[in-house]
Amino acid sequence: MPGMVDTHIHASQYSYAGTALDLPLLQWLNTYTFPVEAGFEDLKVANSVYTQVVKRTLKFGTTTACYFATIHTDASLLLGQIANNFGQRALIGKVCMDRNNAVKHYKETMQGSKDETLRFIAELLDKKYPLVKPVVTPRFALSCSSALLGQLGAIAKNNDLHIQSHISETVEEVKLVKELFPDSESYTDVYRKHNLLTDKTVMAHGCHLSDEELTQFRETGASLSHCPNSNISLCSGLLDVRNVLNHKVKLGLGTDVAGGYSSSMLDAVRRTLDTSKCLTIQNQDYDTLNFEEVFRLATLGGSQALSLDDQIGNFKVGKDFDALRVDVAVPNGPIDLFKEEDPKIILEKFLNLGDDRNIVEVYVAGKKVVPFADQH
């Protein structure tokens, strides 16, 4: 099957994945996330965590990942090097933030953030990694001054780069953005005014976007990353994926480690289906997503969300061979088969019951990357 595309994952948060899920978003960031990310100034810490997260996601069948790193340029460059070494296709974002009242030592100046972003982009591109590219990464509107957002929009435009951030994850966050940017009509309008809403933009969450905002996404070609595990785990909201798709907005899936406790895209598939069913419980007329649609979101949808669908996402002739060899009948595996099953049934069983034991080989751009070579 085609490799899976994780459109939103915080590599730097991997060390505490599976824990710290007892607070809403903004308190969660201040209590757990910012103190942990501040430690990535130490390249030994960064090397350990980043090596583990790249290996784990590859084993889980993530052939392409769109990573948030931290504000530290050298550690972010190291993440790019590690992804390249293991053969994972990746977009790497050095996080930009010049506002942080809660953890005062974990922020940059506006000028420092701009300068380090330019250094990060130049040095990563200079490595000429075939599958690893930079992505301009304002953390989110609450962490960035208007001046910084404007500078990052210009950098992305001048260098024709991808952009990633967060949008409308929680009701509280939306309210604070409105207070911080009173001249903007909406959260989406904040990014649009700073040239951060382009056809190479992917925004995580979007649980509380209005229909007018979704129309702006479609008109600009910007995409959404649906992160259902995180949305549920931090009690942020339930994204109405059907409504997003009806607005013809590009949509992929994200694990959003560590707000999402699992780094497996199979978990993202399952939580996407769960969320759709929760919406159906609330409204019996709701058009529930089926597993074929969600399988598409985890593969081709993700490639479209990252504007990489000319290269990856399915097995169309001319695209790169990003693929998983799945054995549903692997010895001591999680799936029991009882007769000759139709391929569609086998796929459904794998999506609902399978794990990394079933993913026996992973290929990225035609090269076998799992099982790992001995030197790793």
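To keep things clear, this report deals only with the structure shown in the data block. Everything quoted here is computed from the prediction, not taken from an experiment. (Residues numbered from 1 in each chain as written. Predicted model: local features only at pLDDT ≥ 70, side-chain atom pairs only at ≥ 80, totals over all residues. Heavy atoms only, no water.)

Notes on the overall build of the protein chain
- The helix and strand tally for the protein chain stands at 13 helices and 12 strands.
- Relative to the 2.2 N^0.38 estimate, which gives 21 Å for 376 residues, the radius of gyration of the protein chain is 20 Å and therefore close to what a compact globule would have.
- Over its C-alpha atoms, taken along the principal directions, the protein chain stretches across nearly 60 × 55 × 40 Å.
- The 376 residues of the protein chain split such that 57% are buried. (Helix = DSSP H or I, 4+ residues; strand = E, 2+ residues; numbered from the N terminus. Rg over C-alpha atoms; globule rule 2.2 N^0.38 Å. Buried < 20%, exposed > 50% of the residue type's maximum accessible area, 1.4 Å probe, protein only.)

Some details on the sheet that holds strand β10 (residues 323-326)
- In space, the three strands of this open sheet follow the order β10-β11-β12, with antiparallel pairing throughout. At either end of the open sheet lies a strand with only one pairing partner, and these are β10 and β12 (367-370). Across the sheet, the mean angle separating the axes of adjacent strands is 30° when strand polarity is ignored.
- Relative to strand β11 (residues 359-364), β10 is paired through four bridges, and the arrangement is antiparallel. Bridge pairing in β11 places A323 opposite Y363. (Pairing = 2+ DSSP bridges. Axes fitted to C-alpha atoms, helices over the stretch in contact; angles between N-to-C directions.)

A closer look at the pairing of strand β3 (residues 89-93)
- Of all five residues in β3, five are buried, a share of seventy percent or more.
- The two faces of β3 match: R89, L91 and G93 on one face and A90 and I92 on the other face are all buried.
- As paired strands, strand β2 (residues 62-68) and β3 are joined by five bridges and run parallel to one another. From the neighbouring strand, Y67 faces β3, where its bridge partner is I92.
- The β-α-β motif built from β2, the intervening helix α3 (residues 73-86) and the parallel element β3 has right-handed crossover chirality. (Right-handed = clockwise from strand over helix to strand, strands pointing away.)

Details of the environment of T188
- Counting through the fold element by element, T188 comes out in helix α7 (residues 187-193).
- We classify T188 as buried; its relative accessible area is 0%.
- Each C-alpha atom, one on T188 and one on L209, is 8.1 Å from the other, the two residues being 21 residues apart in sequence.
- Those residues in contact with T188 that lie beyond four places of it in its chain are I167, L197, L209, E213, Q216 and F217. (Contact = heavy atoms within 4.5 Å.)

Focus: helix α11 (residues 265-282)
- A rise of 1.5 Å per residue sets the reference length of α11, with its 18 residues, at 26 Å; its end C-alpha atoms lie 26 Å apart and thus fit the reference within 8%.
- Along α11, the residues that are buried comprise M265, L266, D267, A268, V269, R270, T272, L273, T275, S276, L279 and T280.
- One side-chain oxygen at the N-terminal end of α11 lies 3.1 Å from the backbone nitrogen of L266; it belongs to S264. (Expected span 1.5 Å × (residues − 1). Polar contact = N/O pair within 3.5 Å; in protein donor to acceptor, adjacent residues only side chain to side chain.)

Some details on the pairing of β12
- Here three bridges tie β11 to β12, and the two strands are oriented antiparallel to one another. Within β12, the position partnered with V362 by the bridge is V370.

Let's talk about the packing of aromatic side chains
- The final tally for this structure, using the stated rule, is seven aromatic pairs.
- On the basis of an interplanar angle of 55° and a centroid distance of 5.6 Å, the ring pair of F321 and Y363 is categorised as tilted. In this pair, F321 is assigned in the loop between α12 (291-305) and β10 and Y363 in strand β11, connecting sequence segments 42 residues apart.
- Grouping aromatic residues by their ring pairs yields a cluster made of F315, F321 and Y363. (Phe/Tyr/Trp six-rings, centres within 6.5 Å; stacked < 30°, edge-to-face > 60°.)

Here we look at the nonpolar core
- In this structure, Y50, Y67, Y191, F217 and L224 are the most contacted members of the largest nonpolar core, which totals 100 residues.
- Looking at this core, the element that brings in the most residues is α3, giving seven residues.
- With near-sequence residues (within four places) excluded, F217 lies in contact with I167, T188, L197, M203, L209, A222, S223, L224 and V249.
- Core analysis: the second largest hydrophobic core is formed by eight residues, L91, V135, L306 and L308 among them. (Core = buried A, V, L, I, M, F, W, Y, C linked by side-chain atoms within 4.5 Å.)

Things to note about the environment of Y286
- Relative to the elements of secondary structure, Y286 occurs in the loop between α11 and α12.
- Under the relative-accessibility criterion, Y286 is labelled buried at 14%.
- Here the alpha-carbon distance between Y286 and R119, two residues 167 residues apart in the chain, equals 48 Å.

What about the side chain of D6?
- When you line up the elements, D6 lands in strand β1 (residues 4-10).
- Of the side chains with opposite charge, R56 comes closest to the buried, unpaired D6, at an N-O distance of 12 Å.
- Ignoring sequence-local partners within four residues, the contact set of D6 consists of T62, T64, A65, C66, L253, G254, T255 and M265. (Lys, Arg positive; Asp, Glu negative; His and termini not counted. Salt bridge = Lys/Arg side-chain N within 4 Å of Asp/Glu carboxyl O.)

Focus: the packing of α11 against α12
- Here α11 crosses α12 at 140°, and the two axes come no closer than 10 Å. Relative to α12, α11 is oriented oblique. Of the two possible hands of crossing, α11 and α12 adopt the one that is right-handed. For the pair formed by α11 and α12, the contact residues are M265, V269, T272 and L273 on the first element and F291, V294 and A298 on the second.
- Here the residues of the contact of α11 with α12 sort into six nonpolar, one polar and no charged. (Parallel < 35°, antiparallel > 145°, perpendicular 65-115°, else oblique. Left-handed = near helix turned anticlockwise from the far one by under 90°. Nonpolar A, V, L, I, M, F, W, Y, C, P; charged D, E, K, R; others polar.)

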